[in-house]
Amino acid sequence: MILGYTYRLDDISQRLYYTFQEAIMAIDMERMMRNEEGKKLNSIVYIMVLKNICDEYITKNVNEEIKQKAIDTYKKVEERKAAENKKYHMYQY
């Protein structure tokens, strides 16, 4: 999901910068809430995502299979959220 979210940016240096910034904020939020499990989980997930982006940045090679799977997963989750929000907004009227 997070890797798919990063692919919304075309420039890889921006992807690296904003994902790193997002990782720091997510882990710091878990630390402030004293959620050790969340902190560990976010640390592991963001390390994996950042490693993928760094590998792509250094080698200039994109693993198209991983990229497409990440984008598809991100789109599915966003579509599910949009459908839920649409149901919620129908009840408001």
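Before any of the text, the structure's been laid out above.
Thresholds applied
- Residues numbered from 1 in each chain as written.
- Predicted model: local features only at pLDDT ≥ 70, side-chain atom pairs only at ≥ 80, totals over all residues.
- Heavy atoms only, no water.
- Helix = DSSP H or I, 4+ residues; strand = E, 2+ residues; numbered from the N terminus.
- Buried < 20%, exposed > 50% of the residue type's maximum accessible area, 1.4 Å probe, protein only.
- Expected span 1.5 Å × (residues − 1).
- Arc of directions from axis to C-beta.
- Contact = heavy atoms within 4.5 Å.
- Salt bridge = Lys/Arg side-chain N within 4 Å of Asp/Glu carboxyl O.

J.: Is there a simple way to explain unusual backbone geometry in this structure?
T.: Most peptide bonds are trans, and most residues other than glycine sit at a negative phi. Despite not being glycine, Arg 34 has its phi angle at roughly 55°, a positive value. Structurally, Arg 34 is set in the loop between α2 (12-32) and α3 (36-59). Overall, the relative accessible area of 73% leaves Arg 34 in the exposed class.

J.: Quick question: what am I supposed to make of α2 here?
T.: In an α-helix, one full turn covers 3.6 residues, which means residues spaced three or four apart are oriented alike. Compared with an ideal rise of 1.5 Å per residue, which puts 21 residues at 30 Å, α2 spans 30 Å between its outermost C-alpha atoms and is within 8% of the ideal. Looking only at α2, the buried set comprises Ile 12, Arg 15, Thr 19, Ala 23, Ala 26 and Glu 30. Around the axis of α2, the buried residues are gathered within 75° of arc, so they sit on the same side. In this structure, α2 carries Met 25 and Met 32 as exposed residues pointing more than 90 degrees from its buried face. Residues of α2 that are buried in the fold lie against α1 (2-6) and α3.

J.: Just checking my understanding: could you explain the pattern of salt bridges for this structure?
T.: Side chains carrying opposite charge are able to pair once their charged atoms draw close together. Enumeration over the complete set of coordinates arrives at five salt bridges. Here Lys 81 and Glu 78 are joined by a salt bridge, their closest N and O atoms 3.5 Å apart. Of this pair, Lys 81 and Glu 78 both sit in helix α4 (residues 64-92), three residues apart, which is roughly one turn of the helix. Residue classification places Lys 81 among the partly exposed residues on the basis of a relative accessible area of 43%. Residue classification places Glu 78 among the partly exposed residues on the basis of a relative accessible area of 29%.

J.: Sorry if this is basic, but what is going on with the environment of Leu 9 here?
T.: Looking at the secondary structure, you find Leu 9 in the loop between α1 and α2. Contacts of Leu 9, omitting those with residues within four sequence positions, involve Gln 14, Arg 15 and Tyr 18.

J.: When you look at the side chain of Arg 15 in this model, what are you seeing that I'm missing?
T.: Tracing the backbone through its elements, the reader meets Arg 15 in helix α2. The class of Arg 15 is buried, set by a relative accessible area of 5%.

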